[in-house]
Amino acid sequence: MPWYAVRPRDEADPRWPLPGKPEIVLKAQSPDEARSKFEDAYPSQPFGSPTVPVRDSGLGSFRGEPDALVVTETGEPPAKRE
């Protein structure tokens, strides 16, 4: 299974949930699956707001905006050494 790097198209996008980390690398079958895994793991404000109580559509959600994320195939990330 290949590895994919997911990052915001705009580096200054305030919805990016990982400050100080420009991308996240994960394993998936396809770029679409990598995007879906990212959206599931980082739904942002999971229940929206009182005016928009829709699940996974709160501020910071990348759902429904596929052009906001760039997904590229990459190599396996190095193991963390502590």
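A quick note: this is a predicted structure, and the numbers were derived from the prediction, not measured.

With that settled, the discussion passes to the side chain of aspartate 13. Assignment of secondary structure puts aspartate 13 in the loop between strand 1 (3–8) and strand 2 (24–27). Residue aspartate 13 is classed as buried on the basis of its relative accessible area, which comes to 12%. Sequence-distant contacts of aspartate 13, that is, excluding residues within four places in its chain, are made with Pro8 and Phe62.

Residues Val6, Trp16, Ile24, Ala34, Phe38, Phe62 and Leu69 are the most contacted members of the largest nonpolar core, which totals 13 residues. For this core, the elements supplying multiple residues, two or more each, are strand 1, strand 2, helix 1 (31–41) and strand 3 (69–74).

Our next topic: helix 1. Looking only at helix 1, the buried set comprises Ala34, Arg35, Phe38 and Glu39. Buried positions in helix 1, seen along its axis, are confined to an arc of 135° and lie on one side of it. Opposite the packed face of helix 1, turned more than 90 degrees from it, sit the exposed residues Asp32, Asp40 and Ala41.

Within the element layout of this structure, glutamate 39 appears in helix 1. For glutamate 39, the residues in contact, after removing those within four places along its chain, are Phe62 and Arg63.

As for its placement among the helices and strands, tryptophan 3 is situated in strand 1. C-alpha of tryptophan 3 to C-alpha of proline 31: the two residues are 28 residues apart in sequence and 9.2 Å apart in space.

Attention now goes to the pairing of strand 2. In summary, the side chains of a regular strand alternate between the two faces of the sheet. Because side chains alternate across strand 2, one face comprises the buried residues Ile24 and Leu26, and the other comprises Val25 and Lys27, none of which is buried. Bridge analysis of strand 1 against strand 2 gives four bridges, and the strand direction is antiparallel. Residue pairing in the sheet places tryptophan 3 in a bridge with lysine 27 of strand 2.

Next up on the list: the pattern of salt bridges. Using the criterion set out here, one finds one salt bridge in the structure. Put simply, glutamate 33 and lysine 37 hold a salt bridge, and the shortest N to O gap is 3.8 Å. In this pair, glutamate 33 and lysine 37 both sit in helix 1, four residues apart, roughly one turn of the helix. Relative accessible area serves as the criterion here: at 27%, glutamate 33 is assigned to the partly exposed category. Residue classification places lysine 37 among the partly exposed positions, given a relative accessible area of 35%.

Calculation criteria
- Numbers given for residues are sequential positions, taken from 1 along each chain in its written order.
- At least 70 in pLDDT is required for a residue's local features to be given in this predicted model, at least 80 for side-chain atom pairs to be given and counted, and no such filter applies to totals for whole chains, interfaces and linings, which use all residues.
- With hydrogens and water excluded, all non-hydrogen atoms of the structure serve as input to the side-chain values.
- Each helix is a run of H or I in the DSSP string that is no shorter than four residues. Each strand is a run of E no shorter than two, and both are numbered from the N terminus.
- When accessible area is computed with a 1.4 Å probe and restricted to protein chains, residues below 20% of their type maximum are described as buried, those above 50% as exposed, and intermediate ones as partly exposed.
- The criterion used for residue contact is that any of the two residues' heavy atoms lie within 4.5 Å.
- Only buried residues count toward a nonpolar core. Its members are Ala, Val, Leu, Ile, Met, Phe, Trp, Tyr and Cys residues joined through side-chain atoms within 4.5 Å.
- It is the directions from the helix axis to the C-beta atoms whose arc is reported.
- Think of it this way: DSSP has to see at least two bridges between two strands before they count as a pair.
- In the sections that follow, a salt bridge refers to a side-chain nitrogen of Lys or Arg positioned within 4 Å of a carboxyl oxygen of Asp or Glu.

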